[in-house]
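Here is how the chains run, residue by residue.
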Amino acid sequence: DIALSSLTHGTVAPRTESELVAEVAGRVVSVNPNLVSGGFFSAGEELLQIEPLDYALALEQARAGVAQAESDLANARRAATRQDSLGERKLTSAAQQDDAVNRLRIAEATLRSAQAQLSRAERDLARTRILAPYEGRVRSERVDIGQFVNRGSTIATIYATDYAEVKLPINDEELAFLDLPLGPVTDSTPATPGTG
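A brief look at the structure comes next. (Residues numbered from 1 in each chain as written. Predicted model: local features only at pLDDT ≥ 70, side-chain atom pairs only at ≥ 80, totals over all residues. Heavy atoms only, no water.)

Moving on: the nonpolar core. Membership of the largest hydrophobic core comes to 20 residues, with the highest contact counts inside it found for Leu20, Leu35, Leu48 and Ile155. Elements that contribute at least two residues to this core include exactly β5 (46–50) and β9 (154–160). Considering every element that reaches this core, the biggest residue donor is β9, with 4 residues. Once you skip the residues sitting within four places of it in the chain, Leu20 turns out to touch Leu47, Ile130, Pro133, Ser153, Thr154, Ile155, Ala156 and Ile158. Ala62, Val66, Leu118 and Ala121 belong to the second largest nonpolar core, which has 14 residues in total. (Core = buried A, V, L, I, M, F, W, Y, C linked by side-chain atoms within 4.5 Å. Buried < 20%, exposed > 50% of the residue type's maximum accessible area, 1.4 Å probe, protein only. Helix = DSSP H or I, 4+ residues; strand = E, 2+ residues; numbered from the N terminus. Contact = heavy atoms within 4.5 Å.)

Here it is in structure tokens:
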């Protein structure tokens, strides 16, 4: 056996690289000490926190909005039931019954809108904490404590350390030294009759 060598130069690149972006606006109140160029972090580790007070208040307002909408819906249901009962005994007009049904539909829609606002407020509060999506390393960071960040601002560039790719150019003359397929790779095993 003869060992043949080939000299080449390439670049090691991470398979996964991401830009961390702020999904809410606010002042940065804490920064992980590892959020520096070259710093390592674990998956799920908190890298940065944006001041949550405004988002916590918005969440409480959304909860109050849901509670009010639920109360309005309960009142509208009772009023609609009362109008139906009076209508069966011919003690109310069709217009009053229609108004009661309309108020019930408006109350149902208002509750759905309040629930959507509550869901948005919960998501915004959770987004004040920026967590590492995977185990990796910081390529560069662009924020510091006390800085105000806007929604969509890039906070840092990170990459995963689980896999790396190395692209190495090889001269055509030296390509024959490597045991690499030069065409499309296909399964050359013939199919056995009677099998899928």
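On we go.
With 36 residues, helix α1 (residues 53–88) should reach 52 Å at 1.5 Å per residue; the first-to-last C-alpha distance of 53 Å fits that figure. In this structure, the buried residues of α1 make contact with α2 (94–126). (Expected span 1.5 Å × (residues − 1).)

Taking 1.5 Å of rise per residue, 33 residues should cover 48 Å, and α2 covers 48 Å from first to last C-alpha, within 8% of that figure. Listed in full, the buried residues belonging to α2 are Ala100, Leu104, Ala107, Leu111, Ala114, Leu118, Ala121 and Asp124. The secondary structure elements touched by the buried residues of α2 are α1.

At a minimum axis distance of 8 Å, the contact between α1 and α2 shows a crossing angle of 160 degrees. In terms of their interaxial angle, α1 and α2 are classed as roughly antiparallel. Note that α1 runs across α2; the crossing there is left-handed. Each residue belonging to the contact of α1 with α2 can be placed in one class, and the counts come to 19 nonpolar, 8 polar and 9 charged. (Axes fitted to C-alpha atoms, helices over the stretch in contact; angles between N-to-C directions. Parallel < 35°, antiparallel > 145°, perpendicular 65-115°, else oblique. Left-handed = near helix turned anticlockwise from the far one by under 90°. Nonpolar A, V, L, I, M, F, W, Y, C, P; charged D, E, K, R; others polar.)

We now examine the pattern of salt bridges. Within this structure, the stated rule accounts for 6 salt bridges. Here Arg139 ties to Glu17 by a salt bridge, and the two come within 2.8 Å at their closest N and O atoms. Of this pair, Arg139 sits in strand β7 (residues 136–141) while Glu17 sits in strand β2 (residues 17–21), placing them 122 residues apart in sequence. Assessed through its relative accessible area of 42%, Glu17 is described here as partly exposed. In this structure, the salt-bridge partner of Arg127 is Glu23, at a minimum N-O distance of 3.3 Å. Of this pair, Arg127 sits in the loop between α2 and β6 (129–131) while Glu23 sits in the loop between β2 and β3 (26–31), and the two are 104 residues apart along the sequence. Through salt bridges with shared partners, a single ionic network connects Glu23, Asp124 and Arg127. (Salt bridge = Lys/Arg side-chain N within 4 Å of Asp/Glu carboxyl O.)

These figures come from the coordinates and say nothing about function on their own.
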